[in-house]
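# Structural characterization, general
Spelled out, the chains give:
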Amino acid sequence: MPSVTWGVIQGRKEKLVSRVIIFDYLKGLGIIPDELQDLELPSTVDVMRERVEFLQKLGLTVDDMNEYPLMLGCSVRKNMIPVLGYLEKIGIPRSKLGEFVKNYPQVLHASVIVELAPVIKFLRGLDVEKGDIGYVLQKYPELLGFKLEGTMSTSVAYLVSIGVNPRDIGPMVTQYPYLLGMRVGTVIKPLIDYLHTLGLPKKILARMLEKRAYILGYDLEETVKPNVDCLISFGIRKECLPSVIAQYPQILGLPLKAKLSSQQYFFSLKLKIDPEGFARVVEKMPQVVSLHQNVIMKPVEFLLGRTIPSQDVASMVIKCPQLVALRVELMKNSYFFFKSEMGRPMKELVEFPEYFTYSLESRIKPRYQRLKSKGIRCSLNWMLNCSDQRFEERLQGNYIETESIGPSFCLGGKLELPGNAIMSDEEEESDDEMLYRRTVSL
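### Some words on empty space enclosed by the protein
- Tallying each qualifying case throughout the model produces one cavity of 30 Å³ or more.
- Leu191, Ile192, Leu195, Leu205, Met208, Leu209, Ile215 and Leu216 are the residues that line the largest cavity.
- Looking at the lining of the largest cavity, the elements that each hand over two or more residues are helix 10 (184-197) and helix 11 (202-211).

### Quick look at the pattern of salt bridges
- In the structure shown here, the tally under the stated rule is 17 salt bridges.
- Between Arg367 and Asp388 there is a salt bridge whose closest N-O contact spans 2.7 Å. A residue pair is termed long-range when its members are at least 10 positions apart, and Arg367 in helix 20 (residues 360-374) and Asp388 in helix 22 (residues 388-396) qualify at 21 residues.
- With its nearest N and O atoms 3.2 Å apart, the salt bridge here joins Arg390 to Glu393.

### Digging into the side chain of Ser75
- Topologically, Ser75 is positioned in the loop between helix 3 (62-67) and helix 4 (76-89).
- You can call Ser75 buried: its relative accessible area is 16%.
- Engagement of the side chain of Ser75 in a polar contact is seen with the backbone nitrogen of Lys78, the distance being 3.1 Å.
- Ignoring any residue separated from it by four or fewer positions in sequence, one finds Ser75 in contact with Arg51 and Met80.

### Focus: the packing of helix 14 (residues 256-270) against helix 15 (residues 275-284)
- Here helix 14 crosses helix 15 at 120°, and the two axes come no closer than 9 Å. Classed by the angle they form, the pair helix 14 and helix 15 counts as oblique. The interaxial crossing formed by helix 14 with helix 15 has right-handed handedness. Residue-level contacts link Leu260, Gln263, Gln264 and Phe267 of helix 14 to Pro275, Phe278, Val281 and Val282 of helix 15.

### Details of the nonpolar core
- Counting residues in hydrophobic clusters, the biggest one holds 143 residues, and the most contacted among them are Tyr355 and Phe356.
- With residues up to four places along the chain from it excluded, the contact list for Tyr355 reads Ser334, Phe337, Phe338, Met342, Leu349, Ile364, Leu380 and Leu384.

### What about helix 10?
- Maximal helix bending in helix 10 amounts to about 30°, located at Pro190.
- For helix 10, the secondary structure elements touched by its buried residues are helix 8 (148-161), helix 11, helix 12 (220-233) and helix 13 (241-247).
- Residue Gly199 follows helix 10 closely and has a positive phi angle near 115°.

### Some details on the packing of aromatic side chains
- Scanning all chains against the criterion turns up 11 aromatic pairs.
- Between the NZ or CZ atom of Arg367 and the centre of the ring of Phe391, over which it lies, the distance is 4.7 Å.

### Comments concerning the packing of helix 8 against helix 10
- Close contact between helix 8 and helix 10 brings their axes to 11 Å; oriented N to C, the two are set at 15°. When the interaxial angle is binned, helix 8 and helix 10 end up roughly parallel. For helix 8 against helix 10, the interelement crossing comes out right-handed. Only Val184, Ile188, Lys189, Ile192 and Asp193 of helix 10 make contact with helix 8, whose side of the interface consists of Thr154, Ser155, Tyr158 and Leu159.
- Looking at the contact of helix 8 with helix 10, its residues break down into five nonpolar, two polar and two charged.

### A word on the confidence of the model for the protein chain
- The predicted model of the protein chain averages 88 in pLDDT, with 87% of residues at 70 or higher.
- Below pLDDT 50 for its whole length, residues 3-10 participates in zero contacts with residues either more than four positions away or in separate chains.

### Points about the environment of Val76
- Along the chain, the position of Val76 falls in helix 4.
- Along the sequence, Val76 and Met48 sit 28 residues apart, while their C-alpha atoms lie 9.5 Å from each other.
- Look past the residues within four positions of Val76 in its chain and what remains in contact with it is Glu50, Arg51, Phe54, Ile81 and Pro82.

### What to know about unusual backbone geometry
- A positive phi angle, close to 75°, is found at Asp127, a residue other than glycine.
- Mapped onto the secondary structure, Asp127 falls in the loop between helix 6 (112-125) and helix 7 (133-139).
- Since its relative accessible area comes to 42%, Asp127 is described here as partly exposed.
- If you check the backbone angles, Lys272 has positive phi at about 55° while not being a glycine.
- Residue placement: Lys272 occurs in the loop between helix 14 and helix 15.

Calculation criteria
Residues numbered from 1 in each chain as written. Predicted model: local features only at pLDDT ≥ 70, side-chain atom pairs only at ≥ 80, totals over all residues. Heavy atoms only, no water. 1 Å grid on protein atoms, 1.4 Å probe; cavity = no way out; pocket = protein on both sides within 12 Å on 5 of 7 lines; lining within 4 Å. Points joined across faces, edges and corners; volume = space filled by probe spheres on them. Helix = DSSP H or I, 4+ residues; strand = E, 2+ residues; numbered from the N terminus. Salt bridge = Lys/Arg side-chain N within 4 Å of Asp/Glu carboxyl O. Buried < 20%, exposed > 50% of the residue type's maximum accessible area, 1.4 Å probe, protein only. Polar contact = N/O pair within 3.5 Å; in protein donor to acceptor, adjacent residues only side chain to side chain. Contact = heavy atoms within 4.5 Å. Axes fitted to C-alpha atoms, helices over the stretch in contact; angles between N-to-C directions. Parallel < 35°, antiparallel > 145°, perpendicular 65-115°, else oblique. Left-handed = near helix turned anticlockwise from the far one by under 90°. Core = buried A, V, L, I, M, F, W, Y, C linked by side-chain atoms within 4.5 Å. Bend = angle between axes of the 7 residues up to and from the residue. Phe/Tyr/Trp six-rings, centres within 6.5 Å; stacked < 30°, edge-to-face > 60°. Lys NZ or Arg CZ within 6 Å of the ring centre and 35° of its normal. Nonpolar A, V, L, I, M, F, W, Y, C, P; charged D, E, K, R; others polar. pLDDT = per-residue confidence, 0-100.

The following block contains the structure:
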C-alpha cells in the first residue's frame, strides 16, 4: 500500500509535468512564460488554452499578453467574466472591453465587490454622471486601482479648499480624470501657489479650473514657468500677466515661444505693428497667439479697403485687438450703417474701433435711434461703451457727462471666438471681479 509521502511526491511530479506542458504550449504561441514561474497555474493545458482563446476573442494579441503575462493567471469564470460583465454594466461598450484590458490588464485581478464597486460609488459621489462613468474610465482606467482614502480624496479636498465649487468636481473629473491621480503636495499645490504669486486670486484660479481642469496637467517647471518667462521676454508687462492668463489659460501650455515669434513677425510684416504694439495686443487679447494668420488678415484687408491708412489700421488693432477675430460680413453691415445712416467721419471709427465689436441690431441701431430722436450728438464711445442701465441714465439727464478713458480691459462688445465671451455689461467691478468675469466664459 503506497504511503502518504509517496502520494505527495507523485502529486508534485504531476504538477511539474503539467507546468512544463503548459509552458511548452505558451512558448509555442510565442508567449514568454518567465513571469509565471511563481504563479499558481491551472492543472491542465486545456484550461490555459481556454484563457488564451478567451483573451484573443476580446481582441488581445500575443504581444499584449507578453506585455502583461500575469493576466494568464486569471480564471475565466472566477475573474475575467465577472470583471468584464461589471465593466460593461457601468458603461464600457462591449466592443471596447478588449482595448480597456490592453490599457489596464491589472483590472482582471480585481474583486468587483471589494475593489471596483467602491471606486464607482466614489465617482458617483463626486457628481460624475452615471452615463459618463464608462467614458471617464476609458480615459483613465488606472482609477480602478486607486485607494479611496489616498490621492483621489486629497486632491478633491484641496481643490474645494481653494474655492472650486463641489458641484463642479464631477464635470472636472469627466473632462480631466487624471486630476484624481495627482499628488497635492508635489503637483497641484505648487502650480496653484505659483500662479497665485503672479497675481491671480485663488477664487479666479478656482473658476479657471472648473472650466479648464486640464490646466492641472501643465508641467510647472517644464512648461508653465518657461511660458510665463516667454511672455515677459516678448514685452508683456508683469502686472498684465493675471489678465492674460485669466482670459486664455491655455497659453500656459502652448509651445509659446514659436507661436509668439511667428505672430510678432507677421504683425510687423503685414500689419506694420512693432514688437511693443504687438505686446499690447497680446495683453488685451492673448488668444491672438493662436489665431490663423489668414483669419487675421480678412478684417484687416476690409479696413484697408475702406481707404483707412495702414498706420491707422495698425492703431485700431492695437486699441482693439478683437478686430482681427471679427467676421467681415458683420463688419460690412456695421460699416454701411455708420456711413449711410449715421453719416459720421471716418476719424471716429479710427478713434473708437470698438464700434465694430458691438451688435448692430441689439445695440448700435437702437441706441442711435434713441439719440437721434432726442437730438443728442455724442461720440461713439459715449453711445456704446456702457450698460443699458447707464445709457438710460444718460438719456434722462440734462447733460452729457464728461467722457473718461475706460480701464485697459474694456475691449468693446463680446468677442465671438469659440468658447469665449470676454466682455459683459457689468460696471464698477473690482479687479478680482473683472478677472472672474473674463474667466467664467473661457
